[in-house]
Amino acid sequence: MVAIIDYDAGNLKSVQKAFQKLGEEAVITREFQTILHADRIVLPGVGSFGVAMNQLKKYELDQVILEAVEQKKPFLGICLGLQLLFEGSEESEGVEGLGILPGRIVKIPDTAGLKIPHIGWNSLTLCKDGRLFQGIKDQSYVYFVHSYYLQAEDEQIVKATAEYGITVHASVEWQNVFACQFHPEKSSTVGLGILNNFVTLS
């Protein structure tokens, strides 16, 4: 069973439907025991970093996430869910992230000809044999919606990048923790392949 963490940060139903399309039971929940007893956990999210962290703390879900990660549960952050795993974001100065992974979230710089937010399809450059990308071709296209991007402190955890005026650290992996800046649930067959890799992790 996949537990999709509900902290009022949107984009839950499309994530649930994507897992159901793969034949997986997927539950949207903020119940601690349901989350901790799930086989896999997903932290989706759209919106503001600071508001999202406040919501996680309001429901005490930050503590559940830290406990689940410590228990080595396969854990997937999507979009804002990726950003929250890190230490902080320029979007919400002074707000601490979950701090599970080292790095900062910074604003995409203004670049002639490129719109912010970055919305739409972009190709991925795969690197370092990420487990989410087994069977996925290099330069496959996935769907992004974001104005801020990850600068991971440890580039060894970066498993995919994308170019948008700058190099976006588009996916990371560390032990049982996985995260994508893009939306696999909105990325057609490539995205379903990535989610299937997540649910079949041994």
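J.: Just checking my understanding: could you explain the overall build of the protein for this structure?
T.: Of regular secondary structure, the protein possesses six helices and 13 strands. Taken against the 2.2 N^0.38 rule, which gives 17 Å for 202 residues, the C-alpha radius of gyration of the protein at 15 Å falls within 12% of a compact globule. Taken along the three principal axes of its C-alpha coordinates, the protein extends 50 × 40 × 30 Å. A total of 202 residues make up the protein; the buried ones form 56% of that total. Residue pairs in contact within the protein that sit at least 24 positions apart in sequence constitute 69% of those at least 6 positions apart. By element, 48% of the accessible surface of the protein is carried by carbon and sulfur atoms, the whole surface being about 8,900 Å². When the 17 basic and 24 acidic side-chain charges of the protein are each reduced to a single mean position, those positions are 7 Å apart.

J.: I would appreciate a short explanation of helix H4 (residues 61–70) in the present structure.
T.: Every α-helical turn comprises 3.6 residues, leaving residues that sit three or four positions apart pointing alike. Those residues of H4 that fall on the buried side of the exposure criterion are Leu 61, Asp 62, Val 64, Ile 65, Ala 68 and Val 69. In an axial view of H4, the angular spread of the buried residues amounts to 160°, which keeps them on one side of the axis. Immediately beyond the C-terminal end of H4, within one or two residues, lies Lys 72, with a positive phi of roughly 65°.

J.: Is there a simple way to think about the sheet that holds strand E4 (residues 75–78) in this case?
T.: Backbone-to-backbone hydrogen bonds pair the strands of a sheet. The strands run either parallel or antiparallel. Read across the open sheet, the eight strands follow the order E2-E1-E3-E4-E13-E12-E11-E8; overall the sheet is mixed. Taken across any chain shown, the strands that pair with only one partner, and hence form the sheet edges, are strand E2 (26–29) and strand E8 (125–126). Here strand E12 (residues 167–174) pairs with strand E13 (residues 177–180) via four bridges, running antiparallel. Pairing of Glu 173 across the sheet is with Phe 178, part of E13.

J.: In this structure, what is going on with the pairing of strand E6 (residues 103–107)? I would like to understand it.
T.: Where a strand is regular, its side chains alternate between the two sheet faces. In this sheet, E6 lies alongside strand E5 (residues 88–89) in parallel orientation, the contact comprising two bridges. The partner of Ser 89 across the bridge, within E6, is Ile 105. Relative to strand E10 (residues 148–152), E6 runs antiparallel, the two sharing five bridges. Along E10, the bridge assignment pairs Arg 104 with Gln 151.

J.: Got a minute to help me understand the sheet that holds E5 in this structure?
T.: The three strands are arranged E5-E6-E10 in an open sheet whose pairing can be described as mixed. Of all strands in the sheet, those with a lone pairing partner are E5 and E10, marking the two edges.

J.: How do you make sense of the nonpolar core when you look at a structure like this?
T.: A general trend in soluble globular proteins is that nonpolar side chains are found buried together. The biggest cluster of nonpolar side chains holds 37 residues, and the ones touching the most others in it are Tyr 7, Leu 84 and Phe 86. Looking at this core, the elements with two or more residues in it are strand E1 (2–5), helix H2 (32–37), strand E3 (40–43), helix H3 (49–58), H4, helix H5 (80–84), E10 and E13. When sequence neighbours within four positions are dropped, the list of residues in contact with Tyr 7 reads Leu 43, Pro 44, Gly 45, Ala 52, Gln 55, Leu 56, Tyr 59, Leu 61, Leu 80 and Leu 84. With 36 residues, the next largest nonpolar core counts Phe 19, Leu 76, Ala 160 and Cys 180 among its residues.

J.: What is the right way to read the state of the cysteines from this model?
T.: As used in these notes, a disulfide is a covalent bond between sulfur atoms, one from each of two cysteines. Under the counting rule described, the total for this entry stands at zero disulfides. Left without a disulfide partner, Cys 180 is nearest to the cysteine sulfur of Cys 79, which lies 10 Å away. On the basis of relative accessibility, which here comes to 0%, the residue Cys 180 falls in the buried class.

J.: Is there a simple way to explain unusual backbone geometry in this structure?
T.: Most peptide bonds take the trans configuration, and most residues that are not glycine carry a negative phi. The residue after Ile 116, namely Pro 117, is reached through a cis peptide bond having omega 5°. Note on placement: Pro 117 falls in the loop between E6 and strand E7 (118–123). Even without being glycine, Lys 128 reaches a positive phi, approximately 60°. As for its position among the elements, Lys 128 is in the loop between E8 and strand E9 (141–146). Even without a glycine there, the phi angle at Asp 129 is positive, about 50°. Mapped onto the elements of the fold, Asp 129 is located in the loop between E8 and E9.

Cut-off values and rules
- Residues numbered from 1 in each chain as written.
- Predicted model: local features only at pLDDT ≥ 70, side-chain atom pairs only at ≥ 80, totals over all residues.
- Heavy atoms only, no water.
- Helix = DSSP H or I, 4+ residues; strand = E, 2+ residues; numbered from the N terminus.
- Rg over C-alpha atoms; globule rule 2.2 N^0.38 Å.
- Buried < 20%, exposed > 50% of the residue type's maximum accessible area, 1.4 Å probe, protein only.
- Contact = heavy atoms within 4.5 Å.
- Areas by Shrake-Rupley, 256 points an atom, 1.4 Å probe, with all protein chains shown as cover.
- Lys, Arg positive; Asp, Glu negative; His and termini not counted.
- Charge placed at Lys NZ, Arg CZ, Asp CG, Glu CD.
- Arc of directions from axis to C-beta.
- Pairing = 2+ DSSP bridges.
- Core = buried A, V, L, I, M, F, W, Y, C linked by side-chain atoms within 4.5 Å.
- Disulfide = S-S within 2.5 Å.

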